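Chain by chain, the residues run as shown.
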Amino acid sequence: MPARRETPEIYLDHAASSPLRACARRAWLDAAQRHHANPTGSHLAAREARRALDRAREQVASCLGARPGEIVFTSGGSEADNMAVRGALGVRGPSALAVTTAVEHHAVLDPVTRSGGVTVGVDERGVVDLQALANALKEPTAPALPAVSGETVAAASADGPSASGESAAVAVVSAIAVNNETGSINPLSAVAEAARELAPEALLHSDAVQAVNWIDVAAETVGYDLVSVTGHKVGAPVGTGVLVVRDGVLLDPLIIGGGQERGRRAGTPDVAGAAAFAAALSEATEQRADSVQRLRLLRDGLIDGLIERLGDRVTVSAAPDGSDRDHIAAGIANVCIAGVQSEALLFLLDAAGVRASAASSCSSGAQDPSHVLAAMGVPRHLAAGSLRLSLGHTTTSDEAERAVEAISESVLRLDRFDGG
């Protein structure tokens, strides 16, 4: 019996998780083999592990425009986002309010809405509406019943901001740097300007989990108190990440029970994970300019190839009028294909070796309607055919070309099936 011929993989889901970089693998193995001791101990092996952890902290700080002491290692972006939002609210007390955009990752959106916070709208490109943000900061009144993942939850507490709809003090303003579904880039400096003017006591946070590959996070987050970054988006192991906590910023810690990370996050530090994260982040930062240039060409070729094959059935979600794509991260193409269902299309693509997603891949695999596309005003029937193609450090021009063929053929196959 002839051996089964495997379909070559075309991996276009880097926005969900990017393959491990060789430098990260080497750094992890080296640290894991050499530094088995707990870095919080006092003996020689512990001190050597601590020095390795400190080197990693210094590397990460350099990439993110921070001081080493401002780096808090976490288990990833979701923990860092929760630490920022919930930590800021915890310090300010039950009357504190969080303000964010309607297109945030759920690691920010859910803590905000569950606490009775406020979300502000975006334009059709997925970019924050600065006037709506200004209005929310001028009159920070929380909704009575905050929405969480399409459902309604009870108000936070009887004396909280959501119980009476009264004005409350803004404790934290959070704006995503690069949207994980559409690649839309937010004007972080303009967000910071509005927040500093209208809510000067609030902490300023940015979820930069999806941003490090595409923008200079160090430059763009100047003035931000809190910045979240994760490892597996840049080619580091899953389970690594950091929250930048600027000097003097106080947070109520999520994890207590030890004095690690200057009392901001208890638990034995993962030295090997930190070393691998630092190596991957450093390489991604050094290669960013070249990667952006290379992957923007591939991304645009991918989109234009689909439009050439499928015509006006293809809409770029963050550029619905066909305008320029300068506000979209170079490696992310979120398109809506009219007349198809994402689930069916992804099934055929997977069989063809194309690994992609419909939107965010952070919802236990569920293909729920995208809150991001809904907030952008994408019609539901178009959003039903959404497809996120995200490129990264391993993507080649050949893969992009083969993806155009596979996607086009799969769409036409679905057309034939629907036509009977």
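Residues numbered from 1 in each chain as written. Predicted model: local features only at pLDDT ≥ 70, side-chain atom pairs only at ≥ 80, totals over all residues. Heavy atoms only, no water.

### What about helix α10 (residues 342-351)?
Quick note on the threshold: Exposure classes here rest on a 1.4 Å probe applied to the protein chains alone. A residue is buried below 20% of its type maximum, exposed above 50%, and partly exposed in between. In this text, helices come from DSSP runs of H or I with a minimum length of four residues, and strands from runs of E with a minimum of two, each type numbered from the N-terminal end. By definition, the arc is the one covered by directions from the helix axis to the C-beta atoms. Contact definition: two residues touch when any of their heavy atoms are within 4.5 Å.
Turning to α10, its buried residues are S342, L345, L346, L348 and L349. Buried residues of α10, viewed axially, fall in a sector of 165°; they line one side. α10 presents E343, F347 and A351 as exposed residues on the side facing more than 90 degrees away from its buried surface. Those residues of α10 hidden inside the fold are in contact with β12 (332-337), β13 (354-355), α12 (380-383), β14 (386-390) and α13 (397-418). Where α10 ends, the next residue or the one after it, G353, has phi of about 90°, a positive value.

### As for the sheet that holds strand β10 (residues 241-245)
This is how it is decided: The pairing criterion is simple: DSSP has to find at least two bridges between the two strands. Between N-to-C directions, angles cover 0 to 180 degrees, with each direction set by a line fitted to C-alpha atoms, over the stretch in contact for helices.
A sheet is described by the order of its strands in space; here seven strands give the open sequence β2-β10-β9-β8-β7-β3-β4, paired in mixed fashion. Because the sheet does not close on itself, it has two edges, and the strands there are β2 (71-74) and β4 (118-120). With direction set aside, neighbouring strand axes in the sheet form an average angle of 20°. Contacts between helix α3 (residues 77-92) and the sheet are confined to β2, β3 (96-101), β7 (169-174), β8 (203-207), β9 (226-230) and β10, with β7 contributing the most and set at about 165° to the helix.

### Here we look at the packing of helix α1 (residues 22-34) against helix α9 (residues 271-310)
Definition in use: Each angle receives one of four descriptions, namely roughly parallel if under 35 degrees, roughly antiparallel if over 145, roughly perpendicular if within 65 to 115, and oblique otherwise. Here is the rule for handedness: rotate from the far helix to the near one, and if that takes an anticlockwise turn smaller than a right angle the crossing is left-handed, while a clockwise turn gives right-handed. Gly counts as polar in this scheme, as do all residues outside two lists: the nonpolar Ala, Val, Leu, Ile, Met, Phe, Trp, Tyr, Cys and Pro, and the charged Asp, Glu, Lys and Arg.
The contact between α1 and α9 brings their axes to 8 Å, and the two run at 155°. As judged from the angle between their axes, α1 and α9 are roughly antiparallel. The way α1 lies across α9 gives a crossing that is right-handed. Together, C23, A24, A27, W28, A31 and A32 of α1 and V271, A272, G273, A275, A276, A279, A280 and E283 of α9 make up the contact between the two elements. Per-class residue counts for the contact of α1 with α9 are 12 nonpolar, one polar and one charged.

Remember, this is a structural readout, not a statement about activity or role.
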